[in-house]
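As a plain string of letters, each chain reads:
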Amino acid sequence: MLAATVRVTRDLDEAEEAVQDAYLQALKRWAADGVPERPGAWLTTVARRTALNGVRHREVLRRKLPLLVEPAVAEPPEPAGPIPDDRLRLVFTCCHPALAQEAQIALTLRLVCGVATADIAHAFLVPEPTMAARITRAKKKIAAARIPYAVPSAEELPERVSVVLTVLHLLYSAGHTAASGNDLVRDELTGRALDLARMLRTLLPADTEVAGLLALLLVHQARRATRTDDAGRLLRLEEQDRTRWDTAMVAEADRLVVEALTGGPPGRFGVQAAIAALHAQAPGYAETDWPQILALYDVLLRLWPSPVVALNRAVALAMVEGPEAALAEIARLEVGGRLAGYRYLPAAKADLLHRLGRDAEAAEAYRAALALSDNAVEQEFLAARLSGA
Amino acid sequence: MAQYAVLIYERVAPEDLPKEIMDRHLGLPDRIGELGGKVTAGLALQPNETATAIRGDLVTDGPFVETKEVLAGVYVLEARDLDHALACAKLTPVVEGGVEVRPLVGFQVVPD
């Protein structure tokens, strides 16, 4: 609705007001006349009409009232781009590379997913007024710099799709393990990220990285119910009840992974999805195809040389060559310093030390990880590991 | 059409620009025209050392802001939207540095 209305106003604030106004009108009209057959369409039509009136009014003022001639403000024509979809246009607007990445995610959450500013602020661990100011600044830049409400042209699309995919991945990750709070998962965020990935997939069926991202999110989603036990405690991959994984979702992800890896040179989401899918296919943790996963991490590290990928590769290396080899890798990452403050580094190190029976060092690493986590479920998990180490 | 200033930041002084880059500067309005944009004004600035800054009543030598890249020139571009402006601005030849695209406030400060 917002996406369709923005196309009329070309102004996010005006469009949001028109949408709110439509809801108010609906409350009154539907109470009297009953709910229309297609409530969504009704609301969109009303919001667009209100917005169009606003635009006409502004045009009249601009052309000076004395003329008293209503200018012909036509509805903007349906754009002739390759993907005529209002929501997707709004996603691409929110994810324009001219906006800071944090603003891209915040705007996508606010305008495309309808998440309240207070909740976005919570996810980013900033006070609500700070987040409100960031969103306002981003909206101002969209208006002042004239960031278009458009799906980019074919030649710009690959670069811009990758920004959108990164934002959707971050959106999902923000929901997958909440940075703070009492629950591990924020379902509304993961659900919306998955919806948007599905939408992108429908609209860009030939894009292998879109297929890769959707596959990745599906595998995560398939395992979602088993990540905590009945008491809400975090379960590691090796402790999870694999019989409760959503096999239909895993099968769908498998098909997408094949497309992602065979449709052209593999991208980072395709390779990540392949790794996740291999985990999901294994009947048990020990039976996982670790050598293949390690080989995929080598590919991933070339495509996306991130220290986080290097850390995950080290965990796979431990399964192939043993904890000692992995500890040497982790020592190199510690020297690099780019993962200082990343709680999964001391947590992984602690686990490897524990497996080698070096429990005093393991305890120290668990304490370091504990100091870096703000999520109650994660903290409880680490505290339990610490007492067992 | 919306107006944008394209600010050219360059580490190489204008007199030291290679001939090939100079030629591309001279041809820039035409190339932007081919993309559907329009250059309406352009200024090339003398090097930083020639700048004098005035802040209140205080007059000092040098530019207002010291950076490694020097503001070397400005042109005003008419484009449909930011994506169009960026596509045009990408044609700007730069030896070492880059360009900044800034939307202009929509009032005329230059007489017609």
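Rules of the game
- Residues numbered from 1 in each chain as written.
- Chains lettered and ligands numbered in written order.
- Predicted model: local features only at pLDDT ≥ 70, side-chain atom pairs only at ≥ 80, totals over all residues.
- Heavy atoms only, no water.
- UniProt positions renumbered as here; feature names shortened; annotations may be inferred.
- Helix = DSSP H or I, 4+ residues; strand = E, 2+ residues; numbered from the N terminus.
- Buried < 20%, exposed > 50% of the residue type's maximum accessible area, 1.4 Å probe, protein only.
- Contact = heavy atoms within 4.5 Å.
- Areas by Shrake-Rupley, 256 points an atom, 1.4 Å probe, with all protein chains shown as cover.
- Lys, Arg positive; Asp, Glu negative; His and termini not counted.
- Charge placed at Lys NZ, Arg CZ, Asp CG, Glu CD.
- Pairing = 2+ DSSP bridges.
- Axes fitted to C-alpha atoms, helices over the stretch in contact; angles between N-to-C directions.
- Salt bridge = Lys/Arg side-chain N within 4 Å of Asp/Glu carboxyl O.
- Expected span 1.5 Å × (residues − 1).
- Buried area = accessible area lost by both parts, 1.4 Å probe.
- Polar contact = N/O pair within 3.5 Å; in protein donor to acceptor, adjacent residues only side chain to side chain.
- Phe/Tyr/Trp six-rings, centres within 6.5 Å; stacked < 30°, edge-to-face > 60°.

In the nomenclature of an unreviewed UniProt entry, chain B is known as YciI family protein of Amycolatopsis mongoliensis. Regarding chain B, the relevant UniProt record gives this comment under Sequence similarities (unreviewed entry): "Belongs to the YciI family."

Per an unreviewed UniProt entry, chain A is named Sigma factor, and its organism is Amycolatopsis mongoliensis.

Enquirer: I'd like to hear about the overall build of chain B, residue by residue, with values.
Expert: Scanning chain B for helices and strands turns up three helices and six strands. Each helix and strand of chain B, placed in order from N terminus to C terminus, yields the pattern β-α-α-β-β-β-β-α-β. Projected onto its principal axes, the C-alpha coordinates of chain B cover approximately 45 × 35 × 25 Å. Here chain B holds 112 residues, and 32% of them are scored as buried. Sequence-distant contacts in chain B: of pairs separated by 6 or more residues, those separated by 24 or more amount to 77%. Surface exposure of chain B reaches about 7,300 Å², of which carbon and sulfur atoms provide 56%. Taking the 10 positively charged and 18 negatively charged side chains of chain B as two groups, their mean positions are separated by 5 Å.

Enquirer: Which residues make up the sheet that holds strand β1 (residues 2–10) of chain B, and what values do they have?
Expert: Residues and elements named next belong to chain B. A sheet is described by the order of its strands in space; here four strands give the open sequence β2-β5-β1-β6, paired in antiparallel fashion. Looking along the sheet, the strands with just one partner apiece sit at the ends: β2 (38–44) and β6 (97–103). Averaged over all pairs of adjacent strands, the angle between strand axes in this sheet comes to 20 degrees, irrespective of strand direction. As paired elements, β1 and β6 share seven bridges and run antiparallel to each other. Directly across from Val-6, in β6, lies its bridge partner Val-101. Sheet strands touched by helix α3 (residues 82–89): β1, β5 (70–79) and β6. Its angle to β5, the strand with the most contacts, is close to 130 degrees.

Enquirer: For the pattern of salt bridges, give the residues involved together with the corresponding values.
Expert: Note on pairing: side chains with opposite charge can pair once their charged atoms come close. Residues and elements named next belong to chain A. Enumeration according to the criterion identifies 26 salt bridges over all chains in this entry. The closest approach of N and O atoms between Glu-239 and Arg-236, which form a salt bridge, is 3.9 Å. Close ionic contact of Arg-236 with Asp-351 constitutes a salt bridge, the shortest N to O distance being 2.9 Å. Of this pair, Arg-236 sits in the loop between α10 (208–222) and α11 (247–262) while Asp-351 sits in helix α16 (residues 344–355), and the two are 115 residues apart along the sequence. Across the pair, Asp-351 and Arg-236 agree in class, each one buried. A network of salt bridges, in which partner residues are shared, links Arg-236, Glu-238, Glu-239, Asp-351, Arg-355 and Arg-385.

Enquirer: How would you summarise helix α12 (residues 268–281) of chain A if you had to cite specific residues and measurements?
Expert: When the terminal C-alpha atoms of α12(A) are compared, their 20 Å separation across 14 residues agrees well with the 20 Å that a helix rising 1.5 Å per residue should span. Of all 14 residues making up α12(A), 13 are buried, and the element is well covered by its neighbours.

Enquirer: Go over the interface of chain A and chain B, please, and point to the residues and values.
Expert: When the parts of a complex come together, some accessible area is lost, and that lost area is often taken as the interface size. The interface is formed by nine residues belonging to chain A together with eight residues belonging to chain B. Summed over both partners, the interface of chain A with chain B comes to about 710 Å²; 54% of that surface belongs to carbon and sulfur atoms. Per-residue buried area on chain A facing chain B is highest for Ala145(A), Arg146(A) and Pro148(A); these three make up 56% of the total on that side. Between Asp83(B) and Arg160(A) there is a salt bridge, and its shortest N-O distance comes to 3.6 Å. In this structure, the connection of chain A to chain B is made through three residue pairs in polar contact (both at pLDDT 80 or more).

Enquirer: So what about the UniProt feature "domain: RNA polymerase sigma factor 70 region 4 type" (unreviewed entry) in chain A? Which residues, and what values?
Expert: Here, UniProt's "domain: RNA polymerase sigma factor 70 region 4 type" (unreviewed entry) annotation points to residues 92–142 of chain A. Overall, residues 92–142 of chain A shows 73% helix and 0% strand. The separation of its end C-alpha atoms is 12 Å.

Enquirer: So, the packing of aromatic side chains: which residues are in play, and what are the values?
Expert: The relative placement of two aromatic rings is captured by the distance of their centres and the angle of their planes. Residues and elements named next belong to chain A. Considering all chains together, one arrives at three aromatic pairs over all chains under this definition. Note on Trp-30 and Trp-42: the rings are 5.2 Å apart at their centroids and 65 degrees apart in plane angle, and the pair reads as edge-to-face. Residue Trp-30 is located in helix α2 (residues 12–33), and its partner Trp-42 is located in helix α3 (residues 39–62); the two are separated by 12 residues in the primary sequence. Accessibility expressed as a relative area gives 18% for Trp-42, which makes it buried. Taking the centre distance of 5.2 Å and the plane angle of 70 degrees together, the rings of Tyr-285 and Trp-290 count as edge-to-face. For Tyr-285, a relative accessible area of 16% gives the class buried. Judged by its relative accessible area of 7%, Trp-290 is buried.

Enquirer: How would you explain the pairing of β5(B) if you had to name every residue and give the values?
Expert: Residues and elements named next belong to chain B. By the criterion of burial, β5 is predominantly enclosed, with eight of the 10 residues buried. Two strands pair when backbone bridges link them, and β2 and β5 are joined in this way by six bridges, in the antiparallel orientation. Bridge pairing in β5 places Leu-43 opposite Val-74.

Enquirer: Before we move on, can you summarise unusual backbone geometry with the specific residues and values?
Expert: All names here are of chain A. The phi dihedral of Arg-146 falls on the positive side, at around 60 degrees, and the residue is not glycine. The topology assignment puts Arg-146 in the loop between α7 (128–144) and α8 (157–176). In this structure Arg-146 comes out as partly exposed when scored by relative accessible area, which is 38%.

Enquirer: Please set out the environment of Trp245(A) residue by residue, giving values where relevant.
Expert: Residue and element names in this part refer to chain A. Inspection of the secondary structure assignment puts Trp-245 in the loop between α10 and α11. Classification of Trp-245 as buried rests on a relative accessible area of 5%. Residues in contact with Trp-245, not counting those within four places in the same chain, are Ala-222, Arg-223, Thr-226, Leu-237, Gln-240, His-279 and Ala-280. A polar side-chain atom of Trp-245 sits 2.8 Å from a polar atom in the side chain of Thr-226.

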